[in-house]
Amino acid sequence: MPAKIIDGKTIAAGLRDRVADEVARLRRDHRLTPGLAVVLVGNDPASEVYVRNKHKQTQAAGMASFEHVLPADVPQADLLALIAKLNRDSDVHGILVQLPLPKSLDTETVINAIDPAKDVDGLHPSNAGRLAGGFAALSPCTPLGCIILTKSVHASLEGMNAIVIGRSNLVGRPLLQLLLNENATVTIAHSRSRDLARLCARADLVYAAVGKAEMVRGDWIKPGATVIDVGINRLPGADGKTRLVGDVAFAEALDVAGAITPVPGGVGQMTVACLLVNTLRAACAIAGLPKPRV
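1. Comments concerning the overall build of the chain
Scanning the chain for helices and strands turns up 10 helices and 11 strands. Taken over C-alpha atoms, the radius of gyration comes to 19 Å for the chain, in line with the 19 Å a tight globule of 294 residues would show. Counting only C-alpha atoms, the chain reaches 50 × 40 × 35 Å along its principal axes. Surface exposure of the chain reaches about 13900 Å², of which carbon and sulfur atoms provide 52%. Computing the positive centroid from 32 side-chain charges and the negative centroid from 28, the chain places the two 2 Å apart.

2. Notes on the nonpolar core
Val19, Leu179, Tyr207 and Leu280 are the most contacted members of the largest nonpolar core, which has 51 residues in total. At 11 residues, helix 10 (residues 267–287) tops the list of elements feeding residues into this core. Ignoring anything within four residues of it in the chain, the contact list for Leu280 reads Val19, Glu22, Val23, Leu26, Pro34, Met63, Pro292 and Val294. Counting residues in each nonpolar core, the second largest holds 21 residues, with Leu199, Ala208, Ile221 and Ala253 among its members.

3. So, the side chain of Ser139
Positionally, Ser139 belongs in the loop between helix 5 (125–132) and helix 6 (141–151). With relative accessibility at 7%, the residue Ser139 sits in the buried group. When near neighbours in sequence (up to four residues on either side) are disregarded, Ser139 contacts Val120, Asp121, Gly122, Leu131, Leu178 and Asn278.

4. Digging into the pairing of strand 7 (residues 205–208)
Burial of the side chains of strand 7 extends over both faces: Leu205 and Tyr207 are buried on one face and Val206 and Ala208 on the other. The pairing of strand 5 (residues 161–165) with strand 7 spans 4 bridges and is parallel. Bridging across to strand 7, Ile163 finds its partner in Val206. By the bridge criterion, 4 bridges tie strand 7 to strand 8 (residues 226–229) in an arrangement that is parallel. For Val206, the partnering residue across the bridge sits in strand 8 and is Val227.

5. Focus on unusual backbone geometry
When glycine is set aside, most residues are seen to have a negative phi, and most peptide bonds are trans. Of the consecutive residues Leu99 and Pro100, the connecting peptide bond is found in the cis state with omega at 5°. Residue placement: Pro100 occurs in the loop between strand 4 (94–97) and helix 4 (107–113). The omega angle of the peptide bond from Val263 to Pro264 is -5°, so this bond is cis rather than trans. By the secondary structure assignment, Pro264 is in the loop between strand 11 (259–260) and helix 10. Positive phi, close to 65°, is recorded for Asn183, a residue that is not glycine. Along the chain, Asn183 falls in the loop between helix 7 (172–181) and strand 6 (185–189). A relative accessible area of 47% means that Asn183 is categorised as partly exposed. The residue Glu214 is not glycine, and still its phi comes out positive at about 55°. Residue class for Glu214 comes out partly exposed when judged on its relative accessible area of 23%.

6. Here's the deal with the sheet that holds strand 2 (residues 35–41)
Read from one edge of the open sheet, 3 strands run 3-2-4, paired in parallel fashion. Of all the strands in the sheet, just strand 3 (64–70) and strand 4 have a single pairing partner and so form its edges. For this sheet, the mean angle separating the axes of adjacent strands, direction not counted, is 15°. Alignment of strand 2 against strand 4, held across 4 bridges, turns out to be parallel. Bridging from a neighbouring strand, Val39 pairs with Val97 of strand 4.

7. Comments concerning the environment of Gly122
Mapped onto the elements, Gly122 comes out in the loop between helix 4 and helix 5. Classification of Gly122 as buried rests on a relative accessible area of 4%. For Gly122, the residues in contact, after removing those within four places along its chain, are Asn127, Leu138, Ser139 and Pro140.

8. Points about the environment of Asp204
Locating Asp204 in the fold gives a position in the loop between helix 8 (196–201) and strand 7. A residue is classified by how much of its surface remains accessible, and Asp204, at 18% relative accessible area, is buried. Each C-alpha atom of the pair Asp204 and Ala113 lies 39 Å from the other, and the pair is 91 residues apart in sequence. Once residues lying within four places of it in the same chain are set aside, the contact partners of Asp204 are Met160, Asn161, Lys222, Ala225 and Thr226. At 2.7 Å, the side chain of Asp204 and the side chain of Lys222 are in polar contact.

9. Quick notes on the side chain of Lys54
Inspection of the secondary structure assignment puts Lys54 in helix 2 (residues 45–60). Here Lys54 occupies a buried position and makes no salt bridge, while the nearest side chain of opposite charge, Asp121, is found at 6.1 Å. Non-local contacts of Lys54, meaning those with residues more than four positions away in its chain, are made with Leu96, Gln98, Val272 and Leu275.

About the thresholds
Sequence order sets the numbering: in each chain, residues are counted from 1 along the sequence as written. Predicted model: local features are reported for residues with pLDDT of at least 70 only, side-chain atom pairs are reported and counted for 80 or more only, and whole-chain, interface and lining totals are derived from all residues. Only hydrogens and water are set aside; all other atoms, that is, all heavy atoms of the structure, feed into the side-chain values. Helix and strand assignments follow DSSP, with helices taken as H or I runs no shorter than four residues and strands as E runs no shorter than two, numbered in order from the N terminus. Computation of the radius of gyration draws on C-alpha atoms alone. For the globule rule, the value is 2.2 Å times the number of residues to the power 0.38. Only the protein chains shown count as cover for residues, and all accessible areas are computed by the Shrake-Rupley method using a 1.4 Å probe. His is not counted, nor are the chain ends; Lys and Arg add positive charge and Asp and Glu add negative charge. In plain terms, the charge of a residue is placed at NZ if it is Lys, CZ if Arg, CG if Asp and CD if Glu. To form a nonpolar core, buried Ala, Val, Leu, Ile, Met, Phe, Trp, Tyr and Cys residues must be joined to one another through side-chain atoms within 4.5 Å. Burial status follows relative accessibility: with a 1.4 Å probe on protein chains alone, a residue under 20% of its type maximum counts as buried, one over 50% as exposed, and anything between as partly exposed. For this analysis, residues touch if any pair of their heavy atoms sits within 4.5 Å. DSSP-based pairing: two strands are paired if at least 2 bridges between them are found. Note on method: axes are straight lines fitted to C-alpha atoms, helices fitted across the in-contact stretch only, with angles between N-to-C directions ranging 0 to 180 degrees. Side-chain atoms alone can form a polar contact between residues adjacent in sequence; in general such a contact is a pair of N or O atoms within 3.5 Å, and within protein one must be able to donate a hydrogen while the other accepts it. Within this document, salt bridges are pairs made up of a side-chain nitrogen of Lys or Arg and a carboxyl oxygen of Asp or Glu, the two lying within 4 Å of each other.

Next up, the structure:
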């Protein structure tokens, strides 16, 4: 029997609706409008698409959206000055600097300049450290979306064996911590792991975030496992156009897994929705209000 397709588009839409309800409540009861500031440096086409999508969804949720577009050759001091201004702006509760940055800018310095309370990307060392310590923190959006998608299949992840393939600061490492917080038993693997297929075969939950097209094969998957594919890779298609594929060989895994996310239409749909969640949570925390019900 083919695996259940985890519909990221529908789940993300439901999450955005719940965020919008909470934003309306905050505006009504506390005269508080959460605000998200997005900073785009340069004119990378993919980044421009992401930023437009974030702006559209932020406004649709009833939040304030602030966009700052800077030239690719902006001096680092000017970018840091803008971040300092946004840190002080009481209308801004979330700050996101779109990555990757031009090579002339030091990414670590830029991330460290963001107020941790407004770090809705969850990349500041303060948030990363709190997450690693098991404390409340703003978590990176993609791993947060992975957990929500998994829990659409399993009400509890307690005691489940999980493998995370990929150890990036943006996905793999924070996802490990979020899974530990759910009381899962976690293996983190990467390109240098030995006998990766055997490690995968033990896992009830497989998270592929390694950035290699269709690397995880169907015969790596434990029958009935839940597979969350974070990868987005472009391969040449038969008609000369490119096609999007994940890090998992979808057609092969479909016949083995119990549930699986498609690419596109899976994890990618959740990232911006979770950005809205983080902005809402940041706004409540900064205002000293209880954590919102999302």
